[in-house]
Amino acid sequence: MFNDIGALELVTLVVLAVLVFGPDKLPKVIQDVTRTIRKIREFSDSAKQDIRQELGPEFKDFEFEDLNPRTFIRKQLDNDELGLKELRNGFDLKKEMAEVTDAVHGRDSDSSPSGSSSGSSGGGRIDMSKKPGDSGQAGKPADDRPPYDADAT
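Just so it is clear, the structure is predicted and the values come from calculations on it, not from any experiment.

1. Observations regarding the overall build of the chain
Next up, step 1: From N to C terminus, the chain includes 5 helices and 0 strands.
Next up, step 2: Ordered by position from N to C terminus, the α and β elements of the chain give α-α-α-α-α.
Next up, step 3: The buried share of the chain, taken over its 153 residues, is 8%.
Next up, step 4: Residue pairs at least 24 apart in sequence account for 12% of intrachain contacts in the chain once pairs closer than 6 positions are excluded.

Listed below in structure tokens is the structure:
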């Protein structure tokens, strides 16, 4: 709980506690605080135990930390029943991003797995690269861009 408190912060807290409560009342305040923390822990452990008993034997391995979505997802991804580790290891993000960049900039990607540059290649991939003469307007060449109008922006 207090893993991120350094020595300087701890000394500062002790000095403030002595100044606020005084040296004669400080031990009683510390006892009261520790007693309250102990009661809160006992109450929470009792509540967890009651919930586990009510859920029944099929939830004997239930951990309340699993209710945190980050912990649940991490636990499911580490589970190898679905073969997710193989998928994760087989996915090359740099290669995929290079293909997308090449497609956006209109360069022909030599590393594409299908090797086809048709409109709809195999595997459900769409070729987004520009082809010569693909301007959308019949009279203009493919490299012409519309004029820039500074007043329109």
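2. Some thoughts on the pattern of salt bridges
Between side chains of opposite charge, pairing is possible as soon as their charged atoms come close.
Next up, step 1: In this structure the tally under the stated criterion is 2 salt bridges.
Next up, step 2: The partner of Asp-32 in a salt bridge is Lys-28, with the nearest N and O atoms 3.7 Å apart. Taken together, the residues span about one helical turn, with Asp-32 and Lys-28 both in helix H2 (residues 26–55) at a distance of 4 residues.
Next up, step 3: Assessed through its relative accessible area of 30%, Asp-32 is described here as partly exposed.
Next up, step 4: The exposed category is assigned to Lys-28, whose relative accessible area is 53%.

3. Here's the deal with the confidence of the model for the chain
Next up, step 1: Looking at the chain, pLDDT values average 75 and 67% of them are 70 or higher.
Next up, step 2: Taking the mean pLDDT of every element in the chain, the minimum, 67, falls on helix H4 (residues 84–90) and the maximum, 91, on H2.
Next up, step 3: Taken as a whole, residues 111–122 scores under 50 in pLDDT and shows 13 contacts with residues more than four places along the chain or in a different chain.

4. Some details on helix H5 (residues 93–105)
Next up, step 1: Given a rise of 1.5 Å per residue, 13 residues ought to cover 18 Å, and the 18 Å separating the end C-alpha atoms of H5 matches this to within 8%.
Next up, step 2: Of the positions making up H5, those classed as buried are Glu-99, Asp-102 and Ala-103. For H5, the angular spread of buried residues about the axis comes to 100°, placing them on one side. Set apart from the buried face of H5 by more than 90 degrees, the exposed residues are Lys-94, Val-104 and His-105.
Next up, step 3: Phi for Gly-106, located one or two positions after H5, is positive at around 85°.

5. Comments concerning a nonpolar patch on the surface
Next up, step 1: A surface patch of nonpolar side chains, amounting to about 590 Å² of accessible area, comprises Val-11, Val-15, Leu-16, Leu-19, Val-20 and Phe-21.
Next up, step 2: Along the chain, the position of Val-20 falls in helix H1 (residues 7–21).

Reading guide: rules and limits
Residues numbered from 1 in each chain as written. Predicted model: local features only at pLDDT ≥ 70, side-chain atom pairs only at ≥ 80, totals over all residues. Heavy atoms only, no water. Helix = DSSP H or I, 4+ residues; strand = E, 2+ residues; numbered from the N terminus. Buried < 20%, exposed > 50% of the residue type's maximum accessible area, 1.4 Å probe, protein only. Contact = heavy atoms within 4.5 Å. Salt bridge = Lys/Arg side-chain N within 4 Å of Asp/Glu carboxyl O. pLDDT = per-residue confidence, 0-100. Expected span 1.5 Å × (residues − 1). Arc of directions from axis to C-beta. Patch = residues over 30% accessible without salt bridge, like charges linked within 9 Å, V, L, I, M, F, W, Y side chains within 5 Å. Areas by Shrake-Rupley, 256 points an atom, 1.4 Å probe, with all protein chains shown as cover.

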